[in-house]
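Chain by chain, the residues:
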Amino acid sequence: MRPTALLVAAALIGFGAAGAQANPDHYLFVVGGVTTSDDMNVIPDGIDNDLDERDQRNLRSVLVADVDTDAKTVTNWRRAGLLPLIHPTNDGDLHWNYLHSQVTYLDGRIYVGPATIFSTASDLDPTTANFVAWAEVNTDGSLGDFQMSDPFPEPPSTNQRIGGQAIVEVDGTNYIYVLGGSQDEEGFSDRILYAAIDGSTGAVGAWSTASITIPTTDWFNPAIGIDGTLIHISGNLRGGMFVDLITPQANGDLVGDWISEQYSTALTNSWEEGVAAVTDPLGDTYLYIVAGSPAPRDRYYYTSFEFGLTGVWESGTLPAERGRTTAAAANDMIVLPGGSTGSGFGDGVNTVFIGTIAEGGAVTWEESPEPMMQARSFHGSAMAPVEDEVSVPEWMLY
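All figures in this text were calculated on a predicted structure; none of them were measured in a lab.

Rules and cut-offs
Residues numbered from 1 in each chain as written. Predicted model: local features only at pLDDT ≥ 70, side-chain atom pairs only at ≥ 80, totals over all residues. Heavy atoms only, no water. Helix = DSSP H or I, 4+ residues; strand = E, 2+ residues; numbered from the N terminus. Buried < 20%, exposed > 50% of the residue type's maximum accessible area, 1.4 Å probe, protein only. Contact = heavy atoms within 4.5 Å. Areas by Shrake-Rupley, 256 points an atom, 1.4 Å probe, with all protein chains shown as cover. Pairing = 2+ DSSP bridges. Polar contact = N/O pair within 3.5 Å; in protein donor to acceptor, adjacent residues only side chain to side chain. Core = buried A, V, L, I, M, F, W, Y, C linked by side-chain atoms within 4.5 Å. Axes fitted to C-alpha atoms, helices over the stretch in contact; angles between N-to-C directions. Phe/Tyr/Trp six-rings, centres within 6.5 Å; stacked < 30°, edge-to-face > 60°. Salt bridge = Lys/Arg side-chain N within 4 Å of Asp/Glu carboxyl O. pLDDT = per-residue confidence, 0-100.

Q: What's the story with the overall build of the protein chain in this structure? I'm lost.
A: Helix and strand counts for the protein chain come out as one helix and 26 strands. Residues counted as buried form 58% of the 398 residues belonging to the protein chain. A sequence separation of at least 24 residues applies to 58% of the contacts in the protein chain between residues at least 6 apart. For the protein chain, the exposed surface amounts to about 15,600 Å²; the carbon and sulfur share of it is 48%.

Put into structure tokens, the structure is as follows:
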């Protein structure tokens, strides 16, 4: 049955919680993920069976908080909306986790996915992780109903999941990219898919396969777009800690060679990091690669970004070790909401780490006194600017 109860559920979500921040300049969205329960028959604290859960572990709700980038606060956590339950073409069940690098904001909308696969001990449906969903951001931080793109092209595979997702503007047109991941028929993937985003409606157009691939087959590999550049960060299979850059063509395609550099030699493989671009007080842009796997880590790496990378990487420490997490940023502020203190589904936390960027890119981290309303890991996040709710009528200016 399709989720026709979305409107009813949205009415139950509710906004305007006590203690709401008066003048936030951004909203922080935390999307999907899993709860802290390893017992599929136990509902963890803070989880609502109707408003949050896909089943006893996986979450389909989106949380939102008010962000003041001047005061460096994240407050007033509440539910913003619900992700789709049913696949748009095959009526299969959807799960929304492993989203660490698959939530992006653009022009009043958030883009999510591809979704992860749904599986049980007796069934495996490989056709669910083959589209991207998007929703409008309302002025109060709530979300409209999610729309879903066309499925990814076939062959070689009916799906592509747990890779990177990024949006890059090229000559006035924004393109969304899906990089690498896992494909049931083909195993780990090096394929890159891309599609144009309609500038008026925000709709994702037809998918194409890029002319080149990522440097190696990989998954848990993050991605981000900065100033017309597509940036790919190595994942679980690369054999090192690398950053790759390329400038898309005017039609969105990728041709030629990646520019690659190693940002650390600390680990043979590193994956599932939070990735963000942040501006320091001088207006310079820095790229951050934060926390990650194979075990939860308290390290972050950063470098200046001016139409490319400098080759000089610095590092620092977080307040505590985190894995299975995600990062979002705005102005000179970076946030790590939730994450995991271990590698399993039962290790999620509700802490919120807030970083303030100094001149030169170093970060001062603090833990927010207001945690998320529930623990989450294997989730994604994005920051969205708050639009003016009411414009002043022209006649009042006279």
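Now that the structure is up, let's keep going.
Q: Help me understand the sheet that holds strand S4 (residues 103–106) in this model?
A: Hydrogen bonds between backbone groups are what pair the strands of a sheet, and the pairing can be parallel or antiparallel. What the four strands build is an open sheet, ordered S4-S5-S8-S9; its pairing is antiparallel. Edge strands, defined here as strands with exactly one partner in the open sheet, are S4 and strand S9 (147–148). Pairing geometry for S4 and strand S5 (residues 109–112), over four bridges, is antiparallel. Looking across to S5, one finds that Thr 104 is bridged to Tyr 111.

Q: When you look at the side chain of Glu 261 in this model, what are you seeing that I'm missing?
A: Mapped onto the elements, Glu 261 comes out in strand S17 (residues 259–264). At 3.4 Å, the side chain of Glu 261 forms a polar contact with the backbone nitrogen of Gly 311. In terms of polar contacts, Glu 261 uses its side chain to reach the side chain of Trp 313, at 2.7 Å.

Q: I would appreciate a short explanation of unusual backbone geometry in the present structure.
A: Negative phi is the rule for most residues except glycine; trans is the rule for most peptide bonds. Cis geometry is adopted by the peptide bond preceding Pro 114, which originates at Gly 113 and carries an omega value of 15°. Along the chain, Pro 114 falls in the loop between S5 and strand S6 (118–119). Cis geometry is found at the peptide bond from Glu 154 to Pro 155, where omega equals -15°. Tracing the sequence through the fold places Pro 155 in the loop between S9 and strand S10 (164–170).

Q: Please explain the side chain of Ser 182 as it appears in this structure.
A: Tracing the backbone shows Ser 182 in strand S11 (residues 173–183). Given a relative accessible area of 8%, Ser 182 falls into the buried group. Each residue touching Ser 182, except ones within four places of it in the same chain, is listed here: Asn 159, Gln 160, Arg 161, Gly 187, Phe 188 and Trp 219.

Q: I tried to follow the nonpolar core on my own but got confused; where do I start?
A: Note that soluble globular proteins tend to have their nonpolar side chains buried in a common cluster. Among the nonpolar cores identified, the biggest contains 22 residues, and Phe 29, Val 31, Trp 96, Val 112, Leu 143 and Phe 146 are the most heavily contacted of them. Elements with a contribution of two residues or more to this core: strand S1 (26–31), strand S2 (61–68), S5, strand S8 (133–136) and strand S26 (380–385). Looking at this core, the element that brings in the most residues is S1, giving three residues. Once you skip the residues sitting within four places of it in the chain, Phe 146 turns out to touch Val 62, Leu 82, Leu 83, Pro 84, Ile 110, Val 112, Ala 133, Trp 134 and Ala 135.

Q: Whenever I open this one, the sheet that holds strand S23 (residues 333–337) confuses me. Can you help?
A: If you trace the four strands from one edge of the open sheet to the other, you get S22-S23-S24-S25, paired in antiparallel fashion. Of all the strands in the sheet, the pair left with one neighbour each is strand S22 (328–330) and strand S25 (363–367). Across the sheet, the axes of successive neighbouring strands diverge by a mean angle of 20°, strand direction being ignored. With five bridges joining them, S23 and strand S24 (residues 352–357) adopt antiparallel strand pairing.

Q: Where do I start with the environment of Ala 329 in this structure?
A: Position of Ala 329 among the secondary structure elements: in strand S22. A sequence separation of 25 residues divides Ala 329 from Ile 354, and the C-alpha atoms of the two residues are 9.6 Å apart.

Q: Any chance you could explain the packing of aromatic side chains here in plain terms?
A: Ring pairs (aromatic) are described by centroid distance and by the angle formed between their planes. In the structure shown here, the tally under the stated rule is 17 aromatic pairs. On the numbers, 5.4 Å between centres and 70° between planes, the contact of Tyr 263 with Tyr 301 is edge-to-face. Here Tyr 301 lies in strand S20 (residues 297–305) and Tyr 263 lies in strand S17, a separation of 38 residues in the sequence. This pair shows no difference in class: Tyr 263 is buried, exactly as Tyr 301 is. Three or more aromatic residues joined by ring pairs form one cluster here, namely Tyr 98, Phe 188, Trp 219, Phe 220 and Phe 378.

Q: I keep staring at the pattern of salt bridges and nothing clicks. Help me out?
A: Opposite charge on two side chains permits pairing when their charged atoms draw close. Within the structure shown, the criterion is met by nine salt bridges. Of the charged contacts, one joins Glu 272 and Arg 324 as a salt bridge, the two residues approaching to 2.9 Å between their closest N and O atoms. In this pair, Glu 272 sits in the loop between S17 and strand S18 (274–279) while Arg 324 sits in the loop between strand S21 (314–322) and S22, placing the two residues 52 residues apart along the sequence. Counted as one network, the salt bridges with shared partners bring together Asp 52, Arg 79 and Arg 376.

Q: Any chance you could explain the confidence of the model for the protein chain here in plain terms?
A: Fine structural detail should not be taken from predicted coordinates in areas where pLDDT scores are low. Predicted confidence across the protein chain gives a mean pLDDT of 88, with 87% of residues reaching 70 or more. Considering only residues more than four positions removed or in separate chains, one finds that residues 389–398, a stretch of pLDDT under 50, has two contacts.

Q: What should I look at first to understand the environment of Gly 92 in this one?
A: For Gly 92, the position within the fold is in the loop between strand S3 (73–82) and S4. When the C-alpha atoms of Gly 92 and Thr 128 are compared, they prove to be 6.6 Å apart, with 36 residues separating the residues in sequence.

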